[in-house]
Amino acid sequence: MNRELEYMFVKRARVWIPDAEEVWKSAELTKDYKNGDASLQLMLEDGTNIEHTLDPKTKNLPYLRNPDILVGENDLTALSYLHEPAVLHNLKVRFIDSKLIYTYCGIVLVAINPYEPLQIYGTDIINAYSGQNMGDMDPHIFAVAEEAYKQMARDERNQSIIVSGESGAGKTVSAKYAMRYFATVSGAASEANVEEKVLASNPIMEAIGNAKTTRNDNSSRFGKYIEIGFDNRYRIIGANMRTYLLEKSRVVFQADEERNYHIFYQLCASSHLPEFKILNLSRANDFLYTRQGHSPVIEGVDDTKELRNTRHAFTLLGINESYQMGLFQVLAAILHLGNVEIKDRDSDSSVIAPNNRHLMAFCELVGVAYQDMSHWLCHRKLKTTSETYIKPLPRLQATNARDALSKHIYAKLFNWIVEHVNKALITNIKQHSFIGVLDIYGFETFEINSFEQFCINYANEKLQQQFNMHVFKLEQEEYMREQIPWTLIDFYDNQPCINLIEAKMGILDLLDEECKMPRGSDDSWAQKLYNTHLKTCSLFEKPRMSNRAFIIQHFADKVEYQCDGFLEKNKDTVNEEQIHVLKASKFDLLVELFRDGEKATSPTGQVPGTGGRTRLSIKPDKGREKSSKDHKKTVGCQFRNSLQMLMETLNATTPHYVRCIKPNDFKMAFSFDPKRAVQQLRACGVLETIRISAAGFPSRWTYQEFFSRYRVLMKQKDVLSDKKLTCRNVLEKLVQDQDKYQFGKTKIFFRAGQVAYLEKLRADKLRAACIRIQKTIRCWLARKKYLRMRSAAITIQRFTRGYQARCLAKFMRRTQAATIIQKYQRMVVERKRYRQKQAAALAMQTILRAYMARQKYQMLLREHKAVIIQKRIRGWLARCWYKRCLESIVILQCCIRRMRARQELKKLKIEARSVEHFKKLNKGMENKIMQLQRKIDEQHKDNRLLNERLSGLETSYTTESEKMRGELSRLRGYEEEAKNKTNQVSSLLEELERVKKELSTTQQEKKTIEDWAQTYRSEMEKMVSELKEQNGSLKKEKDDLNRSIQEQSQQMTAKMARAIAEETQQLETDLNEERSRYQNLLTEHLRLEEKYDDLKEAMVLSSNKPGHRRTDSTHSSNESEYTYNSEYAEMEEGSRAGEDVTRGIDTSLTLKLQKRLTELEQEKQSLRNELENKEDQFQRARARDNAEFKKARGAELEYESLKRQELESENKKMRHDLADMRRSLLGNAATSAGAPGSPAYKVLLDQLNASCEELEVRKEEVLILRSQLVSQKEAMHHKETMTEPSVSVQDVSKLKDSDEIKQAYIGLKDTNRLLEHQLQTQRRTHDSEVEVMRGELQSVKEENSRQQQLLAQNLQLPPEARIEASLQHEITRLTNENLDLMEQLEKQDRTIRKLKKQLKVYSKRIGEMGAGQTEGQTSPGQMVEEPIHPVNIPRREKDFQGMLEYKKEDELKLVKNLILELKPRGVAVNLIPGLPAYILFMCLRHADYVNDDQKVRTLLTSTINSIKKILKKRGDDFETVSFWLANTCRFLHCLKQYSGDDAFMKHNTSRQNEHCLSNFDLAEYRQVISDLAIQIYQQLIKCMENILQPMIVSAMLEHETIQGVSGVKPTGLRKRTSSIADEGTYTLDSILRQLSAFHSTMCQHGTDPELIKQVVKQQFYIIGAVTLNNLLLRKDMCSWSKGMQIRYNVSQLEEWLRDKGLMLCGAKETLEPLIQAAQLLQVKKKTDEDAEAICSMCQALTTAQIVKVLNLYTPVNEFEERVSVAFIRTIQTRLRDRCESPQLLMDTKVIYPVTFPFTPSSLALETVQIPGSLNLGFLTRV
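Residues numbered from 1 in each chain as written. Predicted model: local features only at pLDDT ≥ 70, side-chain atom pairs only at ≥ 80, totals over all residues. Heavy atoms only, no water.

Observations regarding the pairing of strand S4 (residues 49-53)
Where burial is concerned, little of S4 is hidden: zero out of the five residues are buried. Pairing geometry for strand S3 (residues 39-44) and S4, over five bridges, is antiparallel. If you follow Met43 over to S4, its bridge partner there is Asn49. The antiparallel pairing of S3 with S4 creates a hairpin that spans four residues between the two strands, and Gly47 there sits at a positive phi of about 95°. (Buried < 20%, exposed > 50% of the residue type's maximum accessible area, 1.4 Å probe, protein only. Helix = DSSP H or I, 4+ residues; strand = E, 2+ residues; numbered from the N terminus. Pairing = 2+ DSSP bridges.)

Following this line, the structure appears as structure tokens:
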């Protein structure tokens, strides 16, 4: 031991140390512990270093922590170190990190309340746990329920599930889910919905017995034990409920933040309903009994809705509306009674005010007198030996009496409801066994503990004693079974505590004795307790500071009880006069309550108390008879008796324990308070279980598991063939102390801590092996790396040196070449430089000389211009001076001349007065005039010259100006020319000035023009560039537009295709959903039919029970003779014979079944119609899809033209055929003698499809008769060799009368007229068709024009609107076309049906007439001679029509031999596939051929019912179900193939088309047979599922396909299925062999390939779903190595699919969730990148499934790491936007909707041969 301690307490070992806050805290040793050390050097998880001092007395070392791979185990007993901190830490890790609320602790299921709803209680979870071993699945309440159910069925022993825990721990919910599990997995023995009634009792009991407390919103305030009864087939038949300790004080008092019972608040919340107006209720705050807790509303609870659920539950349990209203009246009366105000009259009496509203309402509701109730509420009657007198009550006592009455009424009501619930749950069927569910309060301790806590803790002491004994018993049985030596385990025995309470002179006895004392009190009782037990019992103590309390040391803790109120609560008295008043009530229900109280075995009333927390009520056992003294029994005595009965019941059953833990007091979701958890673990006995287990051998391994796990600790020489001996030898070497383990018969038992020790040895060995492997691998890798580097270095050196040598040679060659190049280059450069310099010098000289010349020229030019300017200036100055002088001279002359002129004027005036003067004057004037005239002419001439000169100048100026303006580039030349011209006319200063002005103006204009030209050029260039850019942008825009148009067209096409695909996919989805719904309804319908048949059989059996009746010897045991009609006849007879029995059994049940069958039939018909509508929509959508990809109008026009041509060709052909027929009739009439081979007969035989052909036959016969009248004698000579002439002679003999010949002639004329009429009709038909074609052509043209208009309109719209408009127009057009085509198709179908019917009638008439003539023409002599001349017998054999004829009376024999007694294996091996289907169809064809509708109906009905019967009888045989599925489908395909519908005749041969059904349309029967095929398919799937189900988990998960990859972890008390392959264990090869057997069987039976694909897809779905569901519910399977195993197994399944050619059937896709789950187990799970990869990878898994797998991921070895909580939260954050179902498990009951694609047969019916082994010799081939 010391060696092991020194080995375990080493550096880095982890231990647990006590802590005040967290109870236990983890620490790590920083220094090795040596024996004798007084302290340990530890480091906490936060890095703090501490020194832990050991107890100097005990030297006990701290608890060791378990290895990480054991943390989070499903079973606490699997932990190597079993102690309190290990249990607490394991529960915390599972609860907080993994969100797992259930954990096993040996035989106990520990359930922690999560305080939030979890998706782990659905039907899928129930189905997953059903039938599983308890240790195979993760802990769950369903696993406990399944174990109880299984043990009940296996051991034939009643079971009990004991659910305990404190308030708010989840006891009620756990019990409810356990009952739900039983109701789901077992079903009911009848159709009375017993399981629904059992579950319906929960809302009722919760409403009247549950309330809100500070610890729980739905706390059960009573204990209950529900016995669920089962019959011998282990189906629920009923239940019975026993209740304990109802808390009545809650009716009148509630603490803060608490509520009264839920039913009161439900009534107040529904007071507005019309039916509740009479109750006079209002809000809950208006009543004293519902407002004291100041918390009338529970968050998230709708009290109105809850009342509806309660009323529905009442109705389901048979409590009608009147009784419900009565119950509600009593409850409302209690509320009104609480509001009755009692006032003081004086100090010793009280009074109620007259006409108190609430008291009046109370009296009105309960039907009592107001005065009586008012009086006795304030008074009481006292009886003495001599007299009786009435005493008034003070106000306080009267109030207490009122509250006591309220509690008493409520207790009576509670008991009444429980009694009626039990009545509703009891049935007449004999109970075979039961499972009891005990939902009872746990150990309670409060600050003030009273009588209620005393009784509760007393009950828990008894339950704990029973629990301890059961655990000890199981341990003892295990040791004895394994044949190992064992000693008594020391465990806590609480019998002394129980004796203290219930033994003689115990606490209860003393309490009852004190209650009998006249003046007994709580103080005197306390003194008796002190005197009796204080010194004699160590478990009884007295508080130091109180004389009115006592302390009891319970198994869980010490509890101090206050004695106040014990006596009053134990007596539980009520004012009898108040009870008498209520018994006199006019309210029948109230009278019934108290009448039942009189008959009851014990009272359930109780008086009020002021102290304590709760009040108690007891519902006693009604099965035991009580004496009249029982009425006076105290509450304690009743409770002790009830508890004793409960313990007797539990001891007679096999118990299963559920301990509910409350993780915190604040109702916070997934919050764990270690202190509160440890308190409850100690109180509920979990730690005691751990202690008992730890005292023995808690760790147990099978030899195989131990060998597989610790094989690494063995040497090769230690491994022997006997694994048991190998394990023994190894253990003796590894563990020196022999007491640490024991070898059992099949297991090895270890004491606590030994597994951890072995795990450490194994981990150290693996670590050393890993180090050695790493060392070797690293050495090998380093050497390989060195060798690679050395080789690389040598190679690099070699290549480098060669490269350097080549570079040197290259450099030398380049140097020499460079020298030569430099020489020539320098020469060229120098030459070029010289030439450049020379050219530059010449250029410089040229430029300089030119510059000097220009400078000299400019200087000369300036001097010349200066001279000219001087000259001009000087001249201008001289002229100016001259002009001034001249002006002065002229002025002077003018003045002088004016003076002289004046003088002369005077003289002239004087002279003018004389005539001579005038004459002289005239002569002088004439001369002057002449001179002036000459002068004027000269001046005119000068002026003309000047004008001409001026005009010339103007012209030249204008020309020059125009040239200057026109030639902008030569302006300088014009300027020089103008200057030269101005030099030439230097004399004209005016012209010079004008020219200068013009020159300046011209220069300005030139500059302006140049600027404008420059601006214009720049603008033009800019404009050109802009235009180029615009052109480029336009081109680009054009390209973009073209591209966008193409893209838009592509997008539009893709969008249309996508929309069509989505619509098609949606239609397919809807169709599949409708198919699934329809097929599910078919399954339900079949189930109800089977139950109906079972009930009928039960009724018949029950009617036959009174006496034995001899059966007919010809009656077959397998009922093979039954058909549909006989069955229903017998059913009717049985129903008439057993009518009375039916009434005795359950008339309402039969009516319900019939009503349900009617509803299902209606629903089936409606679903069938919906399915047809969906299929029509699907076909319409498919037609629209096909039309989308056709060329719109051209193809249609071509189609219409081709159709018109075909019609015209058909018309021509018909005319040609008619003409040929006439020619053949006329041409061969004279030459032919009516022989069978004549052309006329051939034509008639080829064209027997119309009525006119029959008339043509008549015409031919008349012509033949005419010719035979002439040659009658010749025809008689050939009588022996020919048969037909005899017929002709007889016909002639019949026509000897001329009247008959005349009639024949008239008939011929009628025939001709009929032919002409038919020809005219055909012509009119052709004309009408032509008109129709023209109309259609016109409509096509109109449509084309309309489309063009729409196209033009669309082109004007924007692109988006254009696309939408195009889509809308296209959809409208296609819709109209589809509607038109559908109308045409319907018309054509109607026409075809009509013509077929006419053709059938005409052909039948022709056949009858031909047969009549043959019979009439054959003589008796010829009948005798027929055997002598067997003419054409071989030819008739060759012309079989593929029909089988049978007599009506042989139909039963046909069904019996072909269906009921047929062995599928022989038919499948020796005969053609589908032979029964072909035979049945050939029989059906003959019935159709002879037009016998009754025969067709009975044959089909008998076939369907016989197939149903054989499937009902042998539905578990896969070969039978597969065989009849294949034959039913083949029969359905034959009905389609030969139905005459064009859709099914495409692949037929011409001979097969002749075999089509002619008289009956069997479309409705096809639907019935299709439904039958669906039922057979579902039966096949169920049969396969039953075969595969036991294999899947073992083969896919548990079996190690790859040996050595998976590791076996330590297991706890719960046995886990081993992954080691033992005998009988299923492996993957088992599944593959079974799948191959299924496939080969279906192929042998001729099952359609498409149907086989659907079956395989369903098989793989079942395999994937079951495997994934088990993976999600098994923590031990979620590891890296298991993921590898799963992926390998899936690859093997895919390989099987590949071998069978089924990879495209969709089966692989059904395994995708399983594949992704396996990948999830193997990928890295650390970083955000890993989270992103997981989210993108796991698309087929839901968020709940991903999180569940990550939570369950468990390392098998220490080298693996757990998934951190932060990583899981990251995954949840990334996946929260997913829209998906929160369902965790896959639904394994899902069956994909099956379809039966039409598969025509190439087999010719006439070639089918019937083997003699079928015993069908009564069938005749036709």
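Next comes the rest of the write-up.
Structural notes on the packing of helix H44 (residues 1493-1513) against helix H47 (residues 1563-1598)
Following both chains from N to C, one finds H44 and H47 inclined at 5°, their axes separated by 11 Å at the closest point. One element, H44, and the other, H47, form an angle in the roughly parallel class. Of the residues in H47, those touching H44 at Arg1497, Leu1500, Thr1501, Ile1504, Ile1507, Lys1508 and Leu1511 are Tyr1565, Val1568, Ile1569, Leu1572, Gln1575 and Ile1576. Among the residues forming the contact of H44 with H47, the class breakdown is nine nonpolar, two polar and two charged. (Axes fitted to C-alpha atoms, helices over the stretch in contact; angles between N-to-C directions. Parallel < 35°, antiparallel > 145°, perpendicular 65-115°, else oblique. Contact = heavy atoms within 4.5 Å. Nonpolar A, V, L, I, M, F, W, Y, C, P; charged D, E, K, R; others polar.)

Focus on a nonpolar patch on the surface
Where nonpolar side chains cluster on the molecular surface, the patch consists of Ile773, Ile777, Trp780 and Leu781 and spans about 420 Å² of accessible area. Inspection of the secondary structure assignment puts Trp780 in helix H26 (residues 754-911). (Patch = residues over 30% accessible without salt bridge, like charges linked within 9 Å, V, L, I, M, F, W, Y side chains within 5 Å. Areas by Shrake-Rupley, 256 points an atom, 1.4 Å probe, with all protein chains shown as cover. Salt bridge = Lys/Arg side-chain N within 4 Å of Asp/Glu carboxyl O.)

Brief notes about the pattern of salt bridges
Applying the stated criterion across every chain, the model contains 45 salt bridges. Arg402 is the salt-bridge partner of Asp403, the closest N and O atoms lying 3.1 Å from each other. Under the relative-accessibility criterion, Arg402 is labelled buried at 6%. It is possible to trace a salt-bridge network through shared partners that takes in Glu166, Lys662, Asp665 and Arg676.

Description of helix H15 (residues 495-502)
Among the residues of H15, those classed as buried are Cys497, Ile498, Leu500 and Ile501. For H15, the angular spread of buried residues about the axis comes to 155°, placing them on one side. Contact partners of the buried residues in H15: helix H14 (451-482), helix H16 (507-516), helix H17 (522-533), strand S18 (540-541) and strand S19 (549-553). (Arc of directions from axis to C-beta.)

Digging into the sheet that holds S18
Taken in spatial order, the three strands make up an open sheet running S18-S19-S20, and their pairing is antiparallel. The sheet is open, and its two edges are formed by S18 and strand S20 (558-562), each paired on a single side. Inspection of the sheet shows S18 paired to S19 by two bridges, in the antiparallel sense. If you follow Glu541 over to S19, its bridge partner there is Ile551.

Topic: the sheet that holds strand S1 (residues 14-19)
Taken in spatial order, the five strands make up an open sheet running S4-S3-S2-S1-S5, and their pairing is antiparallel. Where the open sheet ends on each side, the last strands, each with one partner, are S4 and strand S5 (63-64). On the sheet, helix H2 (residues 84-97) packs against S1, strand S2 (23-29) and S5 and is oriented at approximately 100° with respect to S2.

Some thoughts on the confidence of the model for the protein chain
Fine structural detail should not be taken from predicted coordinates in areas where pLDDT scores are low. On average, residues of the protein chain score 77 in pLDDT, and 76% of them are at 70 or above. Of all the helices and strands in the protein chain, helix H39 (residues 1420-1425) carries the lowest mean pLDDT, 35, while helix H7 (residues 262-269) carries the highest, 93. Across residues 596-631, confidence stays below pLDDT 50; counting only partners more than four residues off in sequence or on other chains, it has 101 contacts. Contacts of residues 1410-1438 to residues separated by more than four positions or lying in other chains number twelve contacts, the stretch itself having pLDDT below 50. (pLDDT = per-residue confidence, 0-100.)

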